[in-house]
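Letter by letter, the chains look like this.
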Amino acid sequence: MSLLGDWFRKKEESTEKTSRQISFDILKTLRESAIIVGEDTQIIASNQQAYDDFARKNGALENKRLTEVIRDRAVHDGFLKALENNESSEVKFDFLFNEKRSFSAKITPIILEEKRHAIGVFYETTQIEHLERVRQEFLSNVSHELRTPLTSILAFVETLEDGAIDDKANNQRFLAVIRKNAERMHLLIDDIAELSLIESGQITIEPREIKLASLVDELFTNLSAKATARNVKLFHKISTEKKVWADKMRLEQVLTNLIDNAIKFNRENGSVTITCEEKDQTDLINVTDEGEGISSEHLPRIFERFYRTDRARSREIGGTGLGLAIVKHLARLHGGEVSVTSTLGQGSTFIIQLPQKTQENLS
Ligand code: ADP
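These figures come from a predicted structure and were not determined experimentally. (Residues numbered from 1 in each chain as written. Predicted model: local features only at pLDDT ≥ 70, side-chain atom pairs only at ≥ 80, totals over all residues. Heavy atoms only, no water.)

Details of the overall build of the protein
When helices and strands are tallied, the protein shows eleven helices and twelve strands. The globule rule puts the C-alpha radius of gyration for 363 residues at 21 Å, and the 31 Å found for the protein is more than 25% above it. With the C-alpha coordinates aligned to their principal axes, the bounding extent of the protein is approximately 110 × 65 × 35 Å. Within the span of the protein, comprising 363 residues, buried residues form 40% of the whole. (Helix = DSSP H or I, 4+ residues; strand = E, 2+ residues; numbered from the N terminus. Rg over C-alpha atoms; globule rule 2.2 N^0.38 Å. Buried < 20%, exposed > 50% of the residue type's maximum accessible area, 1.4 Å probe, protein only.)

Here it is in structure tokens:
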């Protein structure tokens, strides 16, 4: 062969080698998992993400058959289609190992060293699908929660229009029902707006040293009419000197929600007691009631949006089902947490944990 021919052959070889190398290099740069298989569906290359997603603790993916790694018919067929028919496809599948994860795979034929191969790029959709479910559920809850009072308002307006407006014995009662339902819608819309503001990260907190006892006294005054109406007594056992590190307005909101619930879900002649203790550089504010308590089946879900142990009762006593979700977010914005302990028939204690003032949270 001439020198020039030799040069061309070498150049081609080196170009081919480079193209294979480039493909492998591209795999490494992808955030998604990627796997390349040869004719016999044997894996010839994969990236770190594919190892993290699919390796199931049994070593590198290379040289394994695809079905040993991903046992899914649709994925296997997708790769065969690329290898045998030169066709691209998209496949959605679930991968079960410890937990269920969902993926969408784009499988495409590629030529490497003049041979047909197939590359699959796997995009994880678990989180997106979860968020989509949460969004759908939230929307359906919101429309349900708004529809119930609205239906009632429309029914009573119709009754009044049909003549009840002149019924002296009942017209004021009907108007009161309309007002109550309109107020419920108002509260709900306020809570939704508040929650969405908090969740979108648009709320910042400005912690200061706050005298807890005076704040609680103020809140007791605000809620005294409600407590008296239900024959519930409000107490606190907080020393006048005790200070906590929090955003005043937000802490007010948190405690108002918890005291309000403690009054609403209390028993006749019951009491609400607030105490504060210190533990591991945090302040624990406890709001304890003597109500019916919350069963262990409900406890883990109590801070979810719209979760209520008794939907009808909560509506009746004027709840939106969003109060505790708001409390949870606000506690977390302070770097703290909210938790609950409860004994059926005896009552519940909601605990707000707030980090104390330190050099770090001062900066
Ligand atoms: P709601 O507007 O219904 O009070 P929340 O988010 O504040 O909504 O509370 C959610 C649910 O948690 C309530 O409907 C009730 O079932 C339960 N709950 C909250 N606080 C208490 C409490 N102190 N005692 C018993 N159940 C409670």
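Now that the structure has been shown, the text picks up again.
Side note on the site of the ligand
Around the ligand lies a shell of 18 residues, among which Asn 261, Asp 289, Thr 309, Ser 314 and Thr 320 are the nearest. In the environment of the ligand, a nitrogen atom lies 2.8 Å from a nitrogen or oxygen atom belonging to the side chain of Asp 289. Leu 324 is positioned with one of its backbone polar atoms (N or O) 2.8 Å from an oxygen atom of the ligand. Looking at the shell around the ligand, the elements that each hand over two or more residues are α8 (248-264), α10 (323-333) and β12 (347-355). By residue class, the composition of the shell around the ligand is seven nonpolar, eight polar and three charged. (Near = heavy atom within 4 Å. Polar contact = N/O pair within 3.5 Å; in protein donor to acceptor, adjacent residues only side chain to side chain. Nonpolar A, V, L, I, M, F, W, Y, C, P; charged D, E, K, R; others polar.)

Some words on the packing of α8 against α10
Contact geometry for α8 and α10: axes closest at 10 Å, N-to-C directions at 145 degrees. At the point where α8 passes α10, the crossing takes the left-handed sense. Contacts between α8 and α10 pair Arg 250, Gln 253, Val 254, Asn 257, Leu 258 and Asn 261 from the former with Gly 323, Leu 324, Ile 326, Val 327 and Leu 330 from the latter. For the contact of α8 with α10, a count of residues per class yields six nonpolar, four polar and one charged. (Axes fitted to C-alpha atoms, helices over the stretch in contact; angles between N-to-C directions. Left-handed = near helix turned anticlockwise from the far one by under 90°. Contact = heavy atoms within 4.5 Å.)

A look at the sheet that holds strand β11 (residues 337-343)
With mixed pairing, five strands are arranged side by side in an open sheet as β7-β9-β10-β12-β11. Strands with a single pairing partner mark the edges of an open sheet, and in this sheet they are β7 (233-237) and β11. Taken pair by pair, the neighbouring strands of this sheet meet at an average axis angle of 20 degrees, ignoring direction. Across seven bridges, strand β10 (residues 282-289) lies against β12 in antiparallel orientation. Bridge pairing links Asp 283 to Leu 354 in β12. In the packing of helix α7 (residues 212-229) onto the sheet, contacts are made with β7, β9 (271-279) and β10, and the angle to β7 comes to roughly 175 degrees. Packed onto the sheet, α10 meets β11 and β12 and runs at close to 135 degrees relative to β11. (Pairing = 2+ DSSP bridges.)

Here we look at the nonpolar core
By size, the foremost hydrophobic cluster in this structure holds 48 residues, and its most contacted members are Leu 212, Leu 251, Leu 255, Ile 259 and Ile 285. If you tally residues by element for this core, the top one is α7, at eight residues. Look past the residues within four positions of Leu 255 in its chain and what remains in contact with it is Leu 212, Leu 215, Val 216, Leu 219, Ile 285 and Val 287. Among the nonpolar cores identified, the runner-up in size contains 22 residues, and Ile 43, Leu 66, Phe 103 and Ala 105 belong to it. (Core = buried A, V, L, I, M, F, W, Y, C linked by side-chain atoms within 4.5 Å.)

Quick notes on the domain arrangement of the protein
Here the domain parsing of the protein yields domain 1 (2-124), domain 2 (125-203) and domain 3 (206-363). In this structure, domain 1 and domain 3 have C-alpha centres spaced 55 Å apart. (Domains from an automatic or database assignment.)

Side note on the pattern of salt bridges
Applying the stated rule across the entire model yields 21 salt bridges. For Glu 132, the salt bridge is made with Arg 135, and the minimal N-O distance between the two is 3.1 Å. Here Glu 132 pairs with Arg 135, and both are found in helix α5 (residues 126-161), just three residues apart, close to one helical turn. Among the ionic pairs, Glu 194 bridges to Arg 250, the shortest N-O distance being 2.7 Å. On the criterion of sequence distance, the pair formed by Glu 194 in helix α6 (residues 171-199) and Arg 250 in helix α8 is long-range, its members being 56 residues apart. For Glu 194, a relative accessible area of 17% puts it in the buried group. Several salt bridges share partner residues, and in doing so they unite Asp 53, Arg 101 and Glu 124 into one network. (Salt bridge = Lys/Arg side-chain N within 4 Å of Asp/Glu carboxyl O.)

Some thoughts on unusual backbone geometry
If you check the backbone angles, Asn 86 has positive phi at about 60 degrees while not being a glycine. Following the sequence through the fold, Asn 86 ends up in the loop between α4 (73-85) and β3 (89-97). Positive phi, normally seen in glycine, also occurs at Glu 114, with a value near 65 degrees. For Glu 114, the location among the structural elements is in the loop between β4 (99-112) and β5 (115-124).

As for the pairing of strand β2 (residues 43-46)
Two strands pair when backbone bridges link them, and strand β1 (residues 33-37) and β2 are joined in this way by three bridges, in the antiparallel orientation. Residue pairing in the sheet places Val 37 in a bridge with Ile 43 of β2.

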